[in-house]
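Observations on the three-dimensional arrangement
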Amino acid sequence: MNTGRFISRYIGRAGQVLRIILSERTAAASLIALVSLILFGILGPLVYQVDPDAVFYRYRVSVYMVDGLRAREIYTLEGISATVSASTDRGFIFYARPVEKEDSEGSLYLVDLSHGISKPGITMLGFKGDVNSISIVNNTVILSDGGSIYMAMYSGNALSGLREVLRASSRVEGLIPTNYGIVWWDNTGRINLAMVSHNNSYSGSSVIAELGWIPKWVVDCGSWLVFVGPSGRVSVVDVESKSVKTYQPVFEDLLSAACIEGRVIVTGRYGSMAILSSDIITPVITGVVDDLVHVVPTDGGALVIGSKGSVVSIDLGTGALSVKELRGISGVKKAVMIDSSLYLLSYGAFVASLEPPSLKHPFGTNYYGKDLMAQIMVGIRMSLLIGVAVAVAVTTIGSMVGMLSGYFRGKVDSVFNTIINFVYTIPLEPFAILLAMFMRPSMTTVIIAISVLIWRTTARIIRSQAMAVASSQMVEAARALGAGHLRIIVRYILPAVLPLVLLDFASVVAYAILAEATLGFLGVSAQDTYTLGGILNQARLTGAWRDAWWWVAIPGIFIGSISLSIYMLVRSLEPIANPRVKESY
Amino acid sequence: MILRILYKVAILFLFYIAILTFQFILFRLAFPDPTIIYLREGLGPEEREIIRRSFGLDKPLYEQYVLYITNFLRGDMGFSFLYKVPVKEIVIDRLLSTMILVMPAIATAYLAAWLIGSYMAWKRGSLVEKTVLSILTLIHSLPLFWIGLIVLIVFAVELRIFPPGGMRTPPYEAASFIDKIASIDFLYHWILPYLVLTLYIMSGPALLMRASMISTMGEDFIMTLRAVGHSERRVMRDASRYSILPLITQLGITIGLSFAGSVAFETVFSWPGIGRELVIAFNSLDYPLAQGIFAIMSLAIITSNTVADILYSYLDPRVKR
């Protein structure tokens, strides 16, 4: 067989073509650009190992001042993860540790807002170990790492005198300073009281109550303490008589409570709230859905703060309720009222949404906190895959139709010509949408839609070339020698049109990548992976395209670069493949 | 000649029937029982049967097919699920919105492409030509909708010179389509998408014109014109006239496809055209609306191509196909 000779001849041709490309400046530059773009998509993930589906978080602690319906950020610490916090009459205190550095020591941060918002006084004090509970009364900070209870003083502008005041007999889960001493509870729900013995030191804890559940929050109402916790549990503990009274309202988990004029407001998850007065517990319908995390007493009522920025103001005299929703704020944990302004403390792991390009995320992140560079690498691969699949289908159908109608002419040609004219009347985007509507959006839908419509151009190009070859003396001679149609097409027509077919293959890849981008942008392309168009579609659907230029610009630049480099390459090869044909897509 | 036109019209009719047949097959393949779309939960078999009968689904398939085709040919394209009005009413309004944007853009773009393409061929090799060529090639290899997005980010979001899309500033009242577009506000919304579309549409034909003109300039008669002593400007004017034919062929195709609007582009600019309406129908699974839009688009394209074909044979008497 001469198949081997055929193949070796074409490999030789390929080397020849490559030499020609490299000898011309534009062609060489286009080829190098194209190859590096493809390598970026294929080999990139080996170097840049980021999961395109992984959601990135950013740890942050922020203090906001409520200004009408807006929460104005007045102080932010990035990269630290806070675990516990408390509010005082002058600001907030919280314990946090750096996220990036492993095993690093955490610190107590005290934010003093009493000097006005322009210069919040920040005080830090290093602390070894994990703080799991913290409380502050006047100038005394008490905290626990679970095993011991520590105390520090806040005077002037500094936290000082951190010392261990009590070694607990069981694991400390929470604590509060009272007039009688430090009340703390452990992980079995046992409430202990440690009294001041002498010289400001504490000794011996005595059990004052057994709750049987672990409180989430406690509030000091003078002679008695109100504990709230899971499943709407409320217990009132009289410290002196050591008596316990337990309520069991039908509630979500309770998170906070406050004593106001002899009544107790308890609040909890999903906007649940109730008022406790003597023996009656009255549920309050707030209409908000976020977790009500903190109650701030006001004149004759309270402001109840939700974790996602709801502020419920309740008047205990009239029972009137009003709600406002602060926008663009979440993770609220504590609130405080200073000089009739409301301040909020929020912390936690926030989704790293719409981060501009940085060293960590070279192409930025999207609305969902996912890395765009990783997505674009997948997108390039998918776009190339779609481009090549379309090109295989299109050049196969197109060159067959082209060769047949160019060789046989007459009836065959006019039938194919009518079909081609018909296909020319079908617009691509609407056709793909209609197809996706009935078939479901997927990569296959896109490949079919583009392939079904684009082979027409290939067929026209190949037809005119085939026609020229078919009427050549070479073919005439072959026919005179008795060669059959098949032999002539395979041996004479095909080799003659092959350079054009290969060139057209490249053009179709470029066209298909552009078309996929458009269809992907309309939501017609694959939904379970990332395509360059699909990434842009997400930018449109989330409405983030207005703010996040990187989410729009970078995928588009890649689409443009790939198609531009292919077009330039094709254009510089066109005179070599066939100087006669000048058809453009 | 009349026979030729009749033949073309017959082909037109055939193509339209083919499109409708394709839609019918697609619809019946996707939904062997189309009443599923109309039914909410809790309907008994008898009610379903009533609905089936009211849509003629109890008849044999070929009768359904004939009914489908004749209804479309009569202009009855059913009711939109989404708008609860006949599909025809929506389609006509949206098609006009598309036309008012696309037609002026095509006209400007082809005029500019003719001039720029000729100029590029004339000044071949100069710095201006190289720059323009690079810009046009770049525009040509970018997706149109993406150019629209970038232009919107720059001019509407950052600089705030132009509105961020739409056809009028809501709320507005308009009794008719003419009423809707006869205002300064409309012009203010129209200008940005018009300019972007013009620039984009221009890139292809300008490159085509340049190529065509370059090949004309290699022909013998140009040398003759020069030899006779015509000024260079005069020679170029003639060359550019002779090179215009491929541009006109392209213009026919472009006008035809313009009836489909540019789906993604209209979506980006929230332009209430026929393409964006198709996306709305797609997202809300409004099958009658989608089919109606596709049928009307195809009819418009087929008709326009046929008209262009007939006109072209007048323009270039060599064409006898």
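Only a predicted model underlies this, so the values are computations on that prediction, with no experimental measurement involved.

Thoughts on the overall build of chain B
When helices and strands are tallied, chain B shows 15 helices and zero strands. Counting all 321 residues of chain B, 49% fall into the buried class. Look at the contacts in chain B between residues 6 or more apart in sequence, and 71% of them connect residues 24 or more apart. Roughly 16300 Å² of accessible area belongs to chain B as shown, and the carbon and sulfur atoms make up 68% of that amount. For chain B, the distance from the average position of its 28 positive side-chain charges to the average position of its 24 negative side-chain charges is 10 Å.

Points about the pairing of strand β19 (residues 254-260) of chain A
All names here are of chain A. Counted residue by residue, β19 has six buried out of seven residues, so it is predominantly covered. As judged from the six bridges shared by β19 and strand β20 (residues 263-268), these two strands associate in the antiparallel manner. Residue pairing in the sheet places serine 256 in a bridge with threonine 267 of β20.

Things to note about the pattern of salt bridges
For the structure shown, the criterion picks out 17 salt bridges over all chains. With a closest N to O distance of 3.1 Å, glutamate 210 of chain A and arginine 190 of chain A form a salt bridge. With glutamate 210 of chain A in strand β14 (residues 201-210) and arginine 190 of chain A in strand β13 (residues 190-198), this residue pair connects regions lying 20 residues apart in the sequence. Aspartate 185 of chain B is paired through a salt bridge with arginine 168 of chain B; the nearest N and O atoms lie 3.2 Å apart. Linking aspartate 185 of chain B in helix α9 (residues 184-217) with arginine 168 of chain B in the loop between α7 (144-158) and α8 (177-181), this pair joins segments that are 17 residues apart in sequence. Of the residues examined, aspartate 185 of chain B reaches a relative accessible area of 22% and is grouped as partly exposed. Salt bridges here are not isolated pairs; linked through shared partners, they connect Asp186, Arg190 and Glu210 of chain A.

Regarding the domain arrangement of chain B
Put simply, an interface is often sized by how much accessible area is lost when its parts join up. All names here are of chain B. By domain assignment, chain B separates into domain 1 (2-73) and domain 2 (87-315). The partner domain 2 presents 13 residues to the 15 residues of domain 1 that form the contact. Carbon and sulfur atoms make up 74% of the area that domain 1 and domain 2 hide from each other, which totals about 1300 Å². By the criterion of area lost to domain 2, the three top residues of domain 1 are Lys8, Leu12 and Tyr16, representing 36% of everything that side buries. Applying the counting rule to domain 1 against domain 2 returns one salt bridge. Note that lysine 8 is salt-bridged to aspartate 309, the shortest N-O span being 2.5 Å. Taken together, the links from domain 1 to domain 2 amount to three residue pairs in polar contact (both at pLDDT 80 or more). Listed by contribution, the elements that provide at least two residues to the side of domain 1 that touches domain 2 are α1 (2-30) and α4 (61-73). Ranked by residues supplied to the side of domain 1 that touches domain 2, first place goes to α1 with eleven residues. Partitioning the side of domain 1 that touches domain 2 into residue classes produces twelve nonpolar, one polar and two charged.

Some points on the sheet that holds strand β22 (residues 280-285) of chain A
Residue and element names in this part refer to chain A. Strand order in the open sheet formed by four strands is β19-β20-β21-β22, and the pairing between neighbours is antiparallel. On the outer flanks of this sheet lie β19 and β22, each paired with one strand and no other. Looking at each pair of strands side by side, their axes are set apart by 20° on average, direction ignored. Sheet analysis places β20 next to strand β21 (residues 272-277), joined by four bridges and oriented antiparallel. Residue valine 266 lies in a different strand from β21, and its bridge partner there is alanine 274.

Observations concerning the packing of aromatic side chains
Counting across every chain of the model gives 24 aromatic pairs over all chains. Ring centres of phenylalanine 40 of chain A and phenylalanine 558 of chain A lie 5.3 Å apart, and the angle between their planes is 15°; on these two criteria the pair is classed as stacked. On the criterion of sequence distance, the pair formed by phenylalanine 40 of chain A in helix α2 (residues 25-47) and phenylalanine 558 of chain A in helix α10 (residues 549-577) is long-range, its members being 518 residues apart. Here phenylalanine 40 of chain A falls in the partly exposed class, since its relative accessible area comes to 23%. For phenylalanine 558 of chain A, a relative accessible area of 13% gives the class buried. Of the aromatic side chains, those joined through ring pairs into one cluster are Phe24, Tyr65, Tyr68 and Phe72 of chain B. A cation over a ring is seen here: arginine 540 of chain A above phenylalanine 521 of chain A, with NZ or CZ 5.2 Å from the ring centre. Stacked on the ring of tyrosine 83 of chain B, the Lys or Arg arginine 94 of chain B has its end atom at 5.8 Å from the ring centre.

Quick notes on the state of the cysteines
All names here are of chain A. For the structure on display, the rule yields one disulfide over all chains. Here cysteine 221 pairs with cysteine 259 through a disulfide, and the sulfurs are 1.3 Å apart. On the criterion of sequence distance, the pair formed by cysteine 221 in the loop between β15 (217-220) and β16 (224-229) and cysteine 259 in strand β19 is long-range, its members being 38 residues apart. For cysteine 221, a relative accessible area of 17% translates into the label buried.

Focus on the nonpolar core
Of all hydrophobic cores here, the largest spans 167 residues; its most connected members are Ile450 and Val524 of chain A together with Phe145 of chain B. Counting only domains with at least three residues in this core, you end up with domain 1 (2-73) and domain 2 (87-315) of chain B. Dropping the residues within four chain positions of it, valine 524 of chain A is found in contact with Ala432, Ile433, Ala436, Pro441, Ser442, Val446 and Leu519 of chain A together with Phe282 of chain B. By size, the runner-up hydrophobic cluster in this structure holds 18 residues, among which are Ile80, Phe94, Ala96 and Tyr343 of chain A.

Let's talk about the pairing of strand β12 (residues 182-186) of chain A
Consecutive side chains along a regular strand alternate between the two faces of the sheet. All names here are of chain A. Burial analysis of β12 places five of its five residues in the buried class, the great majority of the element. Here β12 shows two buried faces, one formed by Ile182, Trp184 and Asp186 and the other by Val183 and Trp185. Pairing of strand β11 (residues 172-177) with β12, which is carried by five bridges, proceeds in the antiparallel orientation. Considered in β12, the bridge of proline 177 is made with isoleucine 182. Between the end of β11 and the start of β12, which pair antiparallel, lie four residues, with glycine 181 showing a positive phi angle near 145°.

Parameters at a glance
- Residues numbered from 1 in each chain as written.
- Chains lettered and ligands numbered in written order.
- Predicted model: local features only at pLDDT ≥ 70, side-chain atom pairs only at ≥ 80, totals over all residues.
- Heavy atoms only, no water.
- Helix = DSSP H or I, 4+ residues; strand = E, 2+ residues; numbered from the N terminus.
- Buried < 20%, exposed > 50% of the residue type's maximum accessible area, 1.4 Å probe, protein only.
- Contact = heavy atoms within 4.5 Å.
- Areas by Shrake-Rupley, 256 points an atom, 1.4 Å probe, with all protein chains shown as cover.
- Lys, Arg positive; Asp, Glu negative; His and termini not counted.
- Charge placed at Lys NZ, Arg CZ, Asp CG, Glu CD.
- Pairing = 2+ DSSP bridges.
- Salt bridge = Lys/Arg side-chain N within 4 Å of Asp/Glu carboxyl O.
- Domains from an automatic or database assignment.
- Buried area = accessible area lost by both parts, 1.4 Å probe.
- Polar contact = N/O pair within 3.5 Å; in protein donor to acceptor, adjacent residues only side chain to side chain.
- Nonpolar A, V, L, I, M, F, W, Y, C, P; charged D, E, K, R; others polar.
- Axes fitted to C-alpha atoms, helices over the stretch in contact; angles between N-to-C directions.
- Phe/Tyr/Trp six-rings, centres within 6.5 Å; stacked < 30°, edge-to-face > 60°.
- Lys NZ or Arg CZ within 6 Å of the ring centre and 35° of its normal.
- Disulfide = S-S within 2.5 Å.
- Core = buried A, V, L, I, M, F, W, Y, C linked by side-chain atoms within 4.5 Å.

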